[in-house]
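Commentary on secondary and tertiary structure
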Amino acid sequence: MASFGWKRKIGEKVSKATSQQFEAEAADDKGLGDDDDTNWVLAAKRRKEVLLEDCVRKSKELKDEGANLAENRRYREALVKWDEALQLTPEDATLYEMKSQVLMSLHEMFPAVHAAEMAVQRNPRSWDAWQTLGRAQLGLGEIALAIRSFQVSLHIFPMNPEVWKEDLSWARKLQEQQKATKTGSVQALAKEKELVQESIPDYDFESDEIVAVCAAIAEKEKALSAAKTMVIVSASGTVETVTEQDNCPATPDETLFIRAR
């Protein structure tokens, strides 16, 4: 009968030198794997940076091309260039501000206001974006909003004489004219209403003249009702007009005459 003993552990027969060699190789493989991962991350990051740099460079080229076209009054072509640039750099507030200026030159006020609002959203500290927004709002007839935009622009850049002397001064002048026109219209309507009320005479129905006229009309109606006129047509075709008095109510014989009123 065989006797039982402790089982040997796996790898117990492997020499110590061989074991150390395996461990060293495993450590080297792990180090190489970590280096590969690090290199991949760095490469991806660098590739992204290069791509962003390319986008910014291409966007600037398109922006400059659009500016040259706008200076030559080729506004539609300039808008196309700037729209392409916005596809590459959608957060560029300057592109939206330039678009708004060109759209105002094309008298497209609603898109101009929208573009200026986009510029302000992307760069609230841009005084020229607020100035352009105020001009677009003024072109749309929104005088109060335009004044506010010009005031914000001056708050950012208080020493800007253009906004102070031209834009804000002109907007306030238009606001005063608008108030004066509105006041004049209200006064004209009130005056017209007074004239209409004055044109209707205020009759005194209890005056002696009115009473006398009413009495005369009543006497005439009484006389007409006292004398009644009839047209009598006989059977032979003779027509006769007869006045019937109240004190003589007798009528012709109906067998001989046909009576008609």
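Quantities reported herein were computed from a predicted structural model and do not represent experimental measurements.

Rules of the game
Residues numbered from 1 in each chain as written. Predicted model: local features only at pLDDT ≥ 70, side-chain atom pairs only at ≥ 80, totals over all residues. Heavy atoms only, no water. Helix = DSSP H or I, 4+ residues; strand = E, 2+ residues; numbered from the N terminus. Buried < 20%, exposed > 50% of the residue type's maximum accessible area, 1.4 Å probe, protein only. Contact = heavy atoms within 4.5 Å. Areas by Shrake-Rupley, 256 points an atom, 1.4 Å probe, with all protein chains shown as cover. Salt bridge = Lys/Arg side-chain N within 4 Å of Asp/Glu carboxyl O. Expected span 1.5 Å × (residues − 1). Core = buried A, V, L, I, M, F, W, Y, C linked by side-chain atoms within 4.5 Å. pLDDT = per-residue confidence, 0-100.

Across its full length, the chain carries eight helices and three strands. Walking the chain from its N terminus toward its C terminus, one meets helices and strands in the order α-α-α-α-α-α-α-α-β-β-β. The buried share among the 261 residues of the chain stands at 23%. Of the contacts made within the chain by residues no fewer than 6 positions apart, 41% connect residues no fewer than 24 positions apart. Accessible surface for the chain amounts to roughly 20,200 Å². Of this, 56% is attributable to carbon and sulfur atoms.

Once that is clear, we can look at the pattern of salt bridges. Per the counting criterion, the structure on display carries eleven salt bridges. A salt bridge links Lys81 to Glu65; its shortest N-O distance comes to 3.2 Å. One end of the pair, Lys81, is in helix H2 (residues 75-88); the other, Glu65, is in helix H1 (residues 16-71), with 16 residues separating them in the sequence. Note on Lys81: relative accessible area 25%, which makes it partly exposed.

Turning our attention to the environment of Glu84. Tracing the chain through its elements places Glu84 in helix H2. C-alpha of Glu84 to C-alpha of Lys58: the two residues are 26 residues apart in sequence and 9.5 Å apart in space.

What follows deals with helix H5 (residues 127-139). Its 13 residues give H5 an end-to-end C-alpha distance of 19 Å, which sits within 8% of 18 Å, the value for a rise of 1.5 Å per residue. Within the span of H5, buried status applies to Ala129, Trp130, Gln131, Thr132, Leu133, Gly134, Ala136, Gln137 and Leu138. Phi turns positive one or two residues past the end of H5, at Gly141, with a value near 90 degrees.

With that settled, consider the nonpolar core. Membership of the largest hydrophobic core comes to 27 residues, with the highest contact counts inside it found for Ala70, Trp82, Val102 and Leu133. The biggest single contributor to this core is helix H4 (residues 109-122), with seven residues. Counting residues in hydrophobic clusters, the runner-up holds nine residues, among them Ile143, Ala146, Val163 and Ala171.

A word on unusual backbone geometry. With a phi close to 65 degrees, Arg73 is a non-glycine residue in the positive phi region. Position of Arg73 among the secondary structure elements: in the loop between H1 and H2. Its relative accessible area of 64% is what places Arg73 among the exposed residues. With phi around 65 degrees, His107 is a residue other than glycine that occupies positive phi space. Mapping His107 onto the fold places it in the loop between helix H3 (93-105) and H4.

So, about the environment of Asp128. For Asp128, the position within the fold is in helix H5. Between the C-alpha atom of Asp128 and that of Glu97, which follows or precedes it by 31 residues, the distance is 7.9 Å.

By the element assignment, Asp54 lies in helix H1. Accessibility expressed as a relative area gives 35% for Asp54, which makes it partly exposed. On a C-alpha basis, the gap between Asp54 and Leu88 in space is 9.2 Å, while along the polypeptide they are 34 residues apart.

The next thing to look at is the confidence of the model for the chain. Regions with low pLDDT carry predicted coordinates that are not meant to be interpreted in detail. The pLDDT averaged across the chain works out to 76; a share of 59% of its residues lies at or above 70. The weakest mean pLDDT in the chain belongs to strand S3 (residues 257-260) at 44; the strongest belongs to H4 at 96. Taken as a whole, residues 1-14 scores under 50 in pLDDT and shows one contact with residues more than four places along the chain or in a different chain. When the criterion is pLDDT under 50, residues 254-261 qualifies, and its contacts beyond four places in sequence or with other chains add up to 16 contacts.

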